[in-house]
Amino acid sequence: MESSDTNLRELMDQQAISRVLYSYAAGADRRDWALFRSCFCDEVEVDLSSWHGGAPERLALDDWVERVRAGLSGFDATQHLNSNHLIDLDGD
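Right, let's walk through the structure included here.

What counts, and where the lines are drawn
- Residues numbered from 1 in each chain as written.
- Predicted model: local features only at pLDDT ≥ 70, side-chain atom pairs only at ≥ 80, totals over all residues.
- Heavy atoms only, no water.
- Helix = DSSP H or I, 4+ residues; strand = E, 2+ residues; numbered from the N terminus.
- Rg over C-alpha atoms; globule rule 2.2 N^0.38 Å.
- Buried < 20%, exposed > 50% of the residue type's maximum accessible area, 1.4 Å probe, protein only.
- Contact = heavy atoms within 4.5 Å.
- Core = buried A, V, L, I, M, F, W, Y, C linked by side-chain atoms within 4.5 Å.
- Polar contact = N/O pair within 3.5 Å; in protein donor to acceptor, adjacent residues only side chain to side chain.
- Salt bridge = Lys/Arg side-chain N within 4 Å of Asp/Glu carboxyl O.

Points about the overall build of the protein
From N to C terminus, the protein includes four helices and two strands. Secondary structure elements of the protein, listed N to C terminal, follow the sequence α-α-β-α-β-α. The C-alpha radius of gyration of the protein comes to 16 Å, more than 25% above the 12 Å expected for a compact globule of 92 residues. The buried share of the protein, reckoned over its 92 residues, is 20%. Residue pairs at least 24 apart in sequence account for 50% of intrachain contacts in the protein once pairs closer than 6 positions are excluded.

Topic: the nonpolar core
In terms of nonpolar packing, the biggest core is built from 11 residues, these being Ala 28, Trp 33, Phe 36, Val 44, Val 46, Leu 59, Leu 61, Trp 64, Val 65, Val 68 and Leu 72. Where this core is concerned, the elements lending two or more residues are α2 (33-37), β1 (43-46) and α4 (61-72). With five residues, α4 is the largest single contributor of residues to this core. Excluding anything up to four places from it in sequence, Ala 28 contacts Trp 33, Phe 36, Leu 72, Thr 78 and His 80.

Here we look at the environment of Pro 56
Relative to the helices and strands, Pro 56 resides in the loop between α3 (49-52) and β2 (57-60). C-alpha of Pro 56 to C-alpha of Leu 72: the two residues are 16 residues apart in sequence and 20 Å apart in space. Contacts of Pro 56, omitting those with residues within four sequence positions, involve Glu 45, Val 46 and Asp 47.

Some points on the side chain of Ser 18
Within the secondary structure, Ser 18 is located in helix α1 (residues 4-30). Given the relative accessible area of 9%, Ser 18 is considered buried. A distance of 2.8 Å separates a polar atom in the side chain of Ser 18 from a polar atom in the side chain of His 85.

As for the pattern of salt bridges
Counted by the stated rule, this structure contains five salt bridges. Residue Glu 45 is joined to Arg 58 by a salt bridge in which the shortest nitrogen-to-oxygen separation is 3.2 Å. Note that Glu 45 is positioned in strand β1 and Arg 58 in strand β2, a separation of 13 residues in sequence. Across the pair Glu 57 and Arg 67 runs a salt bridge whose closest N-O atoms are separated by 2.7 Å. Of the two residues, Glu 57 sits in strand β2 while Arg 67 sits in helix α4, which places them 10 residues apart along the sequence. Exposure remark for Glu 57: the relative accessible area of 32% places this residue in the partly exposed category.

Honestly, that's just the spatial picture; any functional story needs more than this.
Below you can see the structure in the form of structure tokens.
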């Protein structure tokens, strides 16, 4: 049986992961590039093959943020939605 400390830590970890997903969407939609950038590591692996084909690629974080900023610049507004997060933890 898991301890209540372990259960609490897992719940907090799951919430932290959900917060990153919400921050990703909010950062993009608000054009808050500092918030958007905070969701990633210094190097990003991007796989948009289901959207426009091509192979996954690795980008420096600043290059990824600039690509998204430029891609969204043609829209007056965007709305990214995400919900029903099912987060399975495997260690720390």
